[in-house]
Every structure is written in structure tokens, then in C-alpha cells.
Amino acid sequence: MDKKDKEYNTNLSENARVRFKAITQRIPSDAQHIINIGVPANFEGREKKGWLHGYIIENTDADVTGVSLREEEAEKLAKLGFDIRHMNGQYIDVDETFDTIVVGQVMRNFYDFGEFFRRSLEHLNDNGRIIY
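Right, let's walk through the structure included here. Please read all numbers here as calculations on a predicted model, not as lab measurements. (Residues numbered from 1 in each chain as written. Predicted model: local features only at pLDDT ≥ 70, side-chain atom pairs only at ≥ 80, totals over all residues. Heavy atoms only, no water.)

Before going further, it helps to examine the pattern of salt bridges. The tally for this structure, following the rule as stated, stands at seven salt bridges. Here R85 and D83 are joined by a salt bridge, their closest N and O atoms 2.9 Å apart. You can call R85 partly exposed: its relative accessible area is 24%. Accessibility expressed as a relative area gives 33% for D83, which makes it partly exposed. When salt bridges that share partners are traced, they join E115, R118, R119 and E122 into one network. (Salt bridge = Lys/Arg side-chain N within 4 Å of Asp/Glu carboxyl O. Buried < 20%, exposed > 50% of the residue type's maximum accessible area, 1.4 Å probe, protein only.)

Here is the structure:
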């Protein structure tokens, strides 16, 4: 685990560390445009601990877009300079395509996986990947 991994994995449960590492290890080093679905509402005050969105921004050269279900959280993060969209990540609908779609813990709340994957494929570049 490198220094930045340690910054983001402080005080996480073992399960959360395993999940975090499994996702971050699969993000392509040459990713150029990433959408991160499920940017959590509780990032404030946590510094870097377990904040996947911050990790992706700091550890890739990609343009990173986030999706948050909670409107007030999306607005708050947008005011801080993050590219955050307010929408249900299960039904992403943006006028962009991405080479990487990252879905953290929110997928456990999805109930229409077929629609999620259909829409994800519409927003995925050729040879892109979905990491969940």
C-alpha cells in the first residue's frame, strides 16, 4: 500500500479497505474521463478517509465527474469546485461518454440492474470499463 492509499484508508473497517482497494486497483492508469456514481453525502469532516471520489481525482490524470443522489450534497460539492451531478446513479443521463464508470457502495441500493447496465453502456466509450 502506498502513502496515498494509507491516507484514504485510515480508520476504515477491514471490509471497507478491501472494497476500496479492489475498486482503486482496477481504475486504468490511462483513464481520461471517469464518472464516479455515488459520491457520499458524508465526506465533510472526514478529510480523505475512505473518500473514493477524492482518491480518484488525486491519483489519476482523468477528468472526474461525480454523481450524487442527494441534491444538497451535489450543490455543496459543486460549490467546492467538484464536477458533481445530482441524479439517481441507477439511471445516469448525461450528454457525455466515459472510459471508466466507477460504482462504489451505492450499487447495493439499485433494484433495476438491467436498466443501470443499459444506461451505463450508452455512456461508455469503446473499450471502456465499469468498475463496481
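The structure having been displayed, the exposition proceeds.
Consecutive residues of a regular strand have side chains that alternate between opposite faces of the sheet. Across the six residues that make up strand β4 (residues 98-103), a large majority, six, are buried. Here strand β1 (residues 33-37) runs beside β4; their pairing, made up of four bridges, is parallel. In the sheet register, I35 faces β4, and the bridge partner there is I101. Once the chain exits β4 it traverses helix α5 (residues 113-122) before rejoining the sheet at strand β5 (residues 124-131), and the crossover so formed is right-handed. (Helix = DSSP H or I, 4+ residues; strand = E, 2+ residues; numbered from the N terminus. Pairing = 2+ DSSP bridges. Right-handed = clockwise from strand over helix to strand, strands pointing away.)

Right, let's talk about the sheet that holds β4 for a bit. Spatial strand order, β3-β2-β1-β4-β5: five strands in an open sheet with parallel pairing. Edge positions in the sheet fall to β3 (84-86) and β5, since each has one partner strand and no second. Within the sheet, the average angular offset between the axes of one strand and its neighbour, ignoring direction, is 20°. Note that strand β2 (residues 63-68) and β3 share three bridges and pair parallel. Counterpart to S68 in the pairing with β3 is H86. Relative to β2, helix α3 (residues 52-59) is tilted by about 170°, and along the sheet it contacts β1, β2, β3 and β4. (Axes fitted to C-alpha atoms, helices over the stretch in contact; angles between N-to-C directions. Contact = heavy atoms within 4.5 Å.)

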